[in-house]
Amino acid sequence: MIAGGALTLALAAATGMTWGSSQDHPPSHPPVIVFAEAMLEPVVVHTPPKRPPRTPFTRARDGEAIPVEITAYCLSGTTRRGRWVRPGIVAADPRVFPLSRYIELFVGDEYLGKYLVDDTGSLIKGQHIDLWVPTCGEAVRFGRVQGTAVLVPRKRKR
């Protein structure tokens, strides 16, 4: 162990430090003792695997907000799943939004509601939702808007 003054001189010599005149003495400070914790073993942190980039036909995941184009239709009859069309039904591309699942639709901050994906359509491809409305006048007034769809997670059975 080196005494405080000797350590100061050793550091001064090693770093080329000088003190004013030859009569100056190195400053006298009590020795500084540094305690260091033992080094921990290194830990490798892996990033989660990257998902492939979303394409217009990538399957929606539960809770994921997906930008969609929303239109409206007014046809009567039955849906792809064989049920009568009614309020609360939407047509979607089953590659993106599976049939018999619920989605929530938003246009900006406005919440349009919760809808059942129960129908498909030959013109409904990719990230496109077609909302059923009772009259064709309503469908025309609705037009074509950009919005967001969120696939509602299914409740787990116990």
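This text follows the structure it describes.
The shown structure was predicted, so the numbers you read here are calculated from the model rather than taken from an experiment.

**Q** Which residues make up the pattern of salt bridges, and what are the values?
**A** Oppositely charged side chains can pair when the atoms bearing their charge come close. One pass over the structure, following the stated rule, counts seven salt bridges. Arg81 is the salt-bridge partner of Asp118, the closest N and O atoms lying 2.6 Å from each other. Pair noted here: Asp118 is in strand S4 (residues 110-119) and Arg81 is in the loop between strand S1 (65-73) and strand S2 (89-92), with a separation of 37 residues, a long-range link. Of the charged contacts, one joins Asp93 and Arg95 as a salt bridge, the two residues approaching to 2.7 Å between their closest N and O atoms. For Asp93, a relative accessible area of 3% corresponds to the buried category. With a relative accessible area of 43%, Arg95 lands in the partly exposed category. Connected via shared salt-bridge partners are Arg54, Arg61 and Glu64.

**Q** Report on the nonpolar core, specifying residues and quantitative values.
**A** Inside soluble globular proteins, nonpolar side chains tend to come together where they are buried. Counting residues in each nonpolar core, the largest one holds 16 residues, and the members touching the most others are Val68, Val90, Phe97, Ile103, Leu105 and Ile129. Those elements giving two or more residues to this core turn out to be S1, S2, strand S3 (102-107), S4, strand S5 (128-132) and strand S6 (145-151). The element contributing the most residues to this core is S1, with three residues. Those residues in contact with Val68 that sit more than four places away from it in its chain are Phe97, Gln127, Ile129, Val145, Gln146, Gly147, Thr148 and Ala149.

**Q** Which residues make up the pairing of S5, and what are the values?
**A** The buried fraction of S5 is high, at five of five residues. Of the two faces of S5, both are covered, the one formed by His128, Asp130 and Trp132 as well as the one formed by Ile129 and Leu131. Pairing of S1 with S5, which is carried by five bridges, proceeds in the parallel orientation. Looking at the pairing, Ala72 lines up with Leu131 of S5. Two strands pair when backbone bridges link them, and S2 and S5 are joined in this way by three bridges, in the antiparallel orientation. For Ala92, the partnering residue across the bridge sits in S5 and is Ile129.

**Q** Mind laying out unusual backbone geometry, listing which residues take part and the relevant values?
**A** With a phi close to 65°, Ser100 is a non-glycine residue in the positive phi region. Note that Ser100 resides in the loop between S2 and S3. Overall, Ser100 belongs to the partly exposed group, its relative accessible area being 29%.

**Q** How would you explain the sheet that holds S5 if you had to name every residue and give the values?
**A** With mixed pairing, the six strands of this closed barrel are ordered in space as S1-S5-S2-S4-S3-S6. Direction aside, neighbouring strands of the sheet carry axes that sit 45° apart on average. Relative to S4, S3 is paired through six bridges, and the arrangement is antiparallel. Looking at the pairing, Tyr102 lines up with Leu116 of S4.

Scoring rules and cut-offs
- The residue count restarts for each chain, going from 1 along the sequence in the order it is written.
- Restriction of local features to residues with pLDDT of at least 70 applies here, the model being predicted, together with a cutoff of 80 or more for giving and counting side-chain atom pairs; totals for whole chains, interfaces and linings are based on all residues.
- Side-chain numbers here rest on the full set of heavy atoms in the structure, without hydrogens or water.
- In the sections that follow, a salt bridge refers to a side-chain nitrogen of Lys or Arg positioned within 4 Å of a carboxyl oxygen of Asp or Glu.
- Where helices and strands are cited, they refer to DSSP runs of H or I of at least four residues and of E of at least two residues respectively, numbered from the N terminus.
- Exposure is judged per residue with a 1.4 Å probe applied to protein chains only, and the accessible area is read against the type maximum: over 50% gives exposed, under 20% gives buried, and values in between give partly exposed.
- Only buried residues count toward a nonpolar core, which is a set of Ala, Val, Leu, Ile, Met, Phe, Trp, Tyr and Cys residues joined through side-chain atoms within 4.5 Å.
- We call two residues in contact when some of their heavy atoms are within 4.5 Å.
- Strand pairing is assigned whenever DSSP identifies at least 2 bridges connecting the two strands.
- Helix axes are fitted to C-alpha atoms over the stretch in contact, other axes to C-alpha atoms as well, and angles between N-to-C directions run from 0 to 180 degrees.

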